[in-house]
Amino acid sequence: MGSIALHDVTKRFDNGQEALRNVSLTFDEGSMAFLTGHSGAGKSTFLKLLLLLQLPTQGQIVVNGVNISQLPRRRIPRYRQHLGAVFQDHHLLSDRTVLENVALPLVVTSMRARDIATRARAALSMVGLLAKERLYPSHLSAGEQQRVGIARAVVNRPNLLLADEPTGNLDPALSREVMGLFVNFRRIGATVIVATHDQHLIETMGVRVIELDSGRVIRDEAPGA
Amino acid sequence: MMGGDRDPWPPVQRPRFAWIRDHWRVSRDCFTLACRRLWSSLLVWLLIGISLALPAALYLLQRNLAAAAGQWDGRPSFTVYLQTGIEIGVAEGIADRLDAQPEVERAWVITPQQALAEFSEGLTITDALEVLGENPLPASVRATVADGVSEGELQRFIAEQSAAEGVDEVVLEKAWLERMAAISDFVGRVGWILAAVFGLGAALVTASSVRLVIESRLEELSVQKLVGGTDAFVRRPFLYFGLFYGVGGGMVAAMLVAGSLVALEAPLVTLFDSYKERLTIEGMGGPLVGALLGVGGLLGLFGALIATNRRLKQVELA
């Protein structure tokens, strides 16, 4: 459950600037793709549209058969409960411990406290930070904060995992580990879209690459092409 | 919903009693946070308390005035002023005749000497006879009306007595209490107006305080929404803040009114004593304290709703 189709999507801001222009793409369930391009190419806007943080000016975004750009406001939370998002600047809560930060997507679903703790610890274990569950984000390095953000994104076993420069603060070895984690999620049916500048990752991971330039798709390359 | 019969994002299965557990968790967290920010919480409680105390005090005053007027209305008294020169024995006969009437609870004679003594009290003159030369006051009969006598029956009875032989005038002594009833009505209306104005003020104080709390937690809210927190989930802690502020303000109001009552009781009793009337002051009582807490809580919730509805719609991760 994670197919995505963009039909002729354009995003134009109030100042007239177009972040995306007539983008049409499809992502099969369980697929993985890198979204690349220079700064301002439209990668972040692309992800924000899928997160419903912004709405397209024209076109349709269909996720699992539902045009999410017309999703009623009251149904947006339920849609987001099935997403995972990783941001370059983490968006961790400074007054919550690592465990509490990771548990947040489960807390909003009213899961039992015991189950929340179990699943949050499992996610922390996946990113190698179980020993630091009681620390606050300010006590972690940038790389560790990024891994907490990743644990939070995957803790609810999302159908769709969106990541904006998830390896920006990680060393090459850890970057590959994180990517391995994303690949695992893809294998259990999640669709994974990663926006990145990391050419080394793009070249070595062997997944689909979509390149944006000034809001247009200029390359859409399947693995092995 | 478009495309297919199946909901692609079914609601997450919530365990039984999850709703109660969530509320318990949030209320506990909010209470802890309100106590942690004790100084600012105290200020808010005081502001709301003052806003609620004034209308509550006026309400209580109105109830006491109405009760006093009501007590008197049930047993008004009247004085039968006799013609000058009437013998005391005749006065006693009139008193006995009135005492036998079903409309009268009790009747007794006020001798000219007693009347002069009462008159002297009013003038604060030690010996009124020195001023007046001789006692000009006639004997009179004072009577209290029996319970259950209606206003119409009383008026008819007074008219009959006025026409009786030897009677100069019959005066129904309730004019000042009629004025008190009017004052009570006026105080009641002022109380309602102040309750509306100050109630709105209390709600706005809460809204402003809750808004400050929201502003200090904007990033948390945007992250909660990003990970799928519903509006109700995101709004819940702030509604509890409003509730705590409102109920706390109600408690402060109850304390202020109770303190004021203690301070005002002695002068009020003295005032009523001057009218030969015994005053029993109605205190706060459980229902009024409960009403203050309830109204405070509702106003707090209302204020919090205003603040959250206005602000939370704009909160999204940029």
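Model, not experiment: these values are computed from the prediction. (Residues numbered from 1 in each chain as written. Chains lettered and ligands numbered in written order. Predicted model: local features only at pLDDT ≥ 70, side-chain atom pairs only at ≥ 80, totals over all residues.)

Novice: So what exactly am I meant to see when it comes to the overall build of chain A here?
Specialist: Assigned secondary structure in chain A consists of seven helices and ten strands. Within the span of chain A, comprising 225 residues, buried residues form 48% of the whole. Of the contacts made within chain A by residues no fewer than 6 positions apart, 67% connect residues no fewer than 24 positions apart. (Helix = DSSP H or I, 4+ residues; strand = E, 2+ residues; numbered from the N terminus. Buried ≥ 20, exposed ≤ 12 C-beta atoms within 10 Å, placed from the backbone. Contact = placed C-beta atoms within 7 Å.)

Novice: Even after reading the chapter, I still don't get the overall build of chain B, so can you show me in this structure?
Specialist: Broken down by element type, chain B carries ten helices and four strands. The N-to-C order of helical and strand elements in chain B reads α-α-β-α-β-α-α-β-α-β-α-α-α-α. A buried classification covers 30% of the 318 residues belonging to chain B. For chain B, the proportion of contacts with a sequence separation of at least 24, taken over those separated by at least 6, is 86%.

Novice: Please clarify how the nonpolar core should be interpreted in this entry.
Specialist: A general trend in soluble globular proteins is that nonpolar side chains are found buried together. Residues and elements named next belong to chain A. Within the largest apolar cluster, 72 residues are counted, with the highest numbers of intra-cluster contacts made by Val102, Ala151, Leu161 and Leu162. A total of six residues in this core trace back to one element, the largest contributor, which is helix α3 (residues 98-107). Beyond its immediate stretch of four places on either side in the chain, Leu162 contacts Leu47, Leu50, Leu51, Leu83, Ala85 and Ile193. (Core = buried A, V, L, I, M, F, W, Y, C linked by C-beta atoms within 7 Å.)

Novice: Just to check I follow, could you spell out the pairing of strand β10 (residues 216-221) of chain A for this structure?
Specialist: Looking along a regular strand, one sees the side chains alternate between the two faces of the sheet. The pairing of strand β9 (residues 208-213) of chain A with β10 of chain A spans five bridges and is antiparallel. When the bridges of β10 of chain A are listed, Ile210 of chain A appears paired with Asp220 of chain A. (Pairing = 2+ DSSP bridges.)

Novice: Hey, could you run me through the packing of α3 of chain A against helix α4 (residues 113-126) of chain A in this one?
Specialist: A pair of packed helices can be characterised by two numbers: the angle between their axes and the separation between those axes. Residues and elements named next belong to chain A. Where α3 contacts α4, the axes come no closer than 9 Å and their chain directions differ by 120°. The angle between α3 and α4 falls in the class oblique. Viewed along their axes, α3 and α4 form a crossing whose handedness is right-handed. Seen from α3, the contacting residues are Val98, Leu99, Val102, Ala103, Leu106 and Val107; seen from α4, they are Ile116, Arg119, Ala120, Ala123 and Leu124. Each residue belonging to the contact of α3 with α4 can be placed in one class, and the counts come to ten nonpolar, no polar and one charged. (Axes fitted to C-alpha atoms, helices over the stretch in contact; angles between N-to-C directions. Parallel < 35°, antiparallel > 145°, perpendicular 65-115°, else oblique. Left-handed = near helix turned anticlockwise from the far one by under 90°. Nonpolar A, V, L, I, M, F, W, Y, C, P; charged D, E, K, R; others polar.)

Novice: How should I be thinking about the sheet that holds strand β3 (residues 32-36) of chain A in this particular structure?
Specialist: The strands that make up a sheet pair up through hydrogen bonds in the backbone, lying either parallel or antiparallel. All names here are of chain A. One open sheet accounts for six strands, arranged β6-β7-β8-β3-β9-β10; its pairing is mixed. In this open sheet, the two edge strands, each paired with only one partner strand, are β6 (83-86) and β10. Strand-to-strand twist in this sheet, taken as the mean axis angle between neighbours without regard to direction, amounts to 15°. With five bridges connecting them, strand β7 (residues 160-164) and strand β8 (residues 191-195) associate as parallel partners. Bridge pairing links Asp164 to Ala195 in β8. Helix-sheet contacts for helix α1 (residues 43-50) involve β3, β7, β8 and β9, and the interaxial angle to β7 is about 150°. Packing against the sheet, helix α5 (residues 142-154) makes contact with β6 and β7, and its axis sits at approximately 170° to β6.

Novice: Explanation requested: the environment of Ile94 of chain B in the structure shown.
Specialist: Residues and elements named next belong to chain B. Positionally, Ile94 belongs in helix α3 (residues 88-99). Along the sequence, Ile94 and Val141 sit 47 residues apart, while their C-alpha atoms lie 7.5 Å from each other. If we skip the residues at most four places from it in the chain, Ile94 touches Val80, Val141 and Gly166.

Novice: Please clarify how unusual backbone geometry should be interpreted in this entry.
Specialist: Residues apart from glycine generally show negative phi values, whereas peptide bonds are mostly found in trans. All names here are of chain A. Not every positive phi belongs to a glycine, and His90 is a case in point at roughly 65°. A positive phi angle, close to 55°, is found at His91, a residue other than glycine. C-beta crowding within 10 Å serves as the criterion here: with 19 such atoms nearby, His91 is assigned to the partly exposed category.

Novice: Where do I start with the environment of His90 of chain A in this structure?
Specialist: Residue and element names in this part refer to chain A. Positionally, His90 belongs in the loop between β6 and α3. Classification of His90 by C-beta neighbours within 10 Å gives buried; the count is 21. Separated by 52 residues in sequence, His90 and Ala142 have C-alpha atoms that sit 9.0 Å apart. Setting aside chain neighbours within four positions, we find His90 in contact with Gln145, Gln146 and Gly149.

Novice: Just to check I follow, could you spell out the packing of α3 of chain A against α5 of chain A for this structure?
Specialist: Residues and elements named next belong to chain A. Contact geometry of α3 with α5 gives a least axis separation of 7 Å together with a crossing angle of 30°. Accordingly, the angle class assigned to the pair α3 and α5 is roughly parallel. Where α3 crosses over α5, the handedness of that crossing is right-handed. Across the interface between the two elements, Val98, Asn101, Val102, Leu104 and Pro105 from α3 touch Val148, Ala151 and Arg152 from α5.

Novice: Looking at this structure, I do not really get the pairing of β7 of chain A. What am I missing?
Specialist: Residue and element names in this part refer to chain A. Extensive coverage of β7 is indicated by the burial of five of its five residues. Of the two faces of β7, the one holding Leu160, Leu162 and Asp164 and the one holding Leu161 and Ala163 are both buried throughout. Summarising the sheet, β6 and β7 pair through four bridges and their orientation is parallel. Following the sheet pairing, Gly84 is matched in β7 by Leu161. Read from β7 through helix α6 (residues 172-187) to β8, the crossover connection turns out right-handed. (Right-handed = clockwise from strand over helix to strand, strands pointing away.)

Novice: Please explain the sheet that holds strand β4 (residues 58-63) of chain A as it appears in this structure.
Specialist: Residues and elements named next belong to chain A. Pairing is antiparallel in the open sheet, where four strands are placed in the order β2-β1-β4-β5. Both edges of this open sheet fall to β2 (18-27) and β5 (66-67), since each of them pairs with a single strand only. Sheet topology places strand β1 (residues 4-12) next to β2; six bridges connect them, and they run antiparallel. Paired with Leu6 across the strands is Leu25, a residue of β2.

Novice: Is there a simple way to explain the confidence of the model for chain B in this structure?
Specialist: The predicted coordinates of low-pLDDT regions are not to be read in fine detail. All names here are of chain B. In this model, chain B carries an average pLDDT of 80, and 83% of its residues clear a pLDDT of 70 or more. Per-element confidence in chain B is highest for strand β2 (residues 104-110), whose mean pLDDT is 88, and lowest for helix α5 (residues 128-132), whose mean pLDDT is 61. Taken together, the stretch residues 1-5 has pLDDT below 50 and engages in seven contacts with residues farther than four places along the chain or on a different chain. Scored by ipTM, the complex comes to 0.88, with pTM at 0.69. (pLDDT = per-residue confidence, 0-100.)

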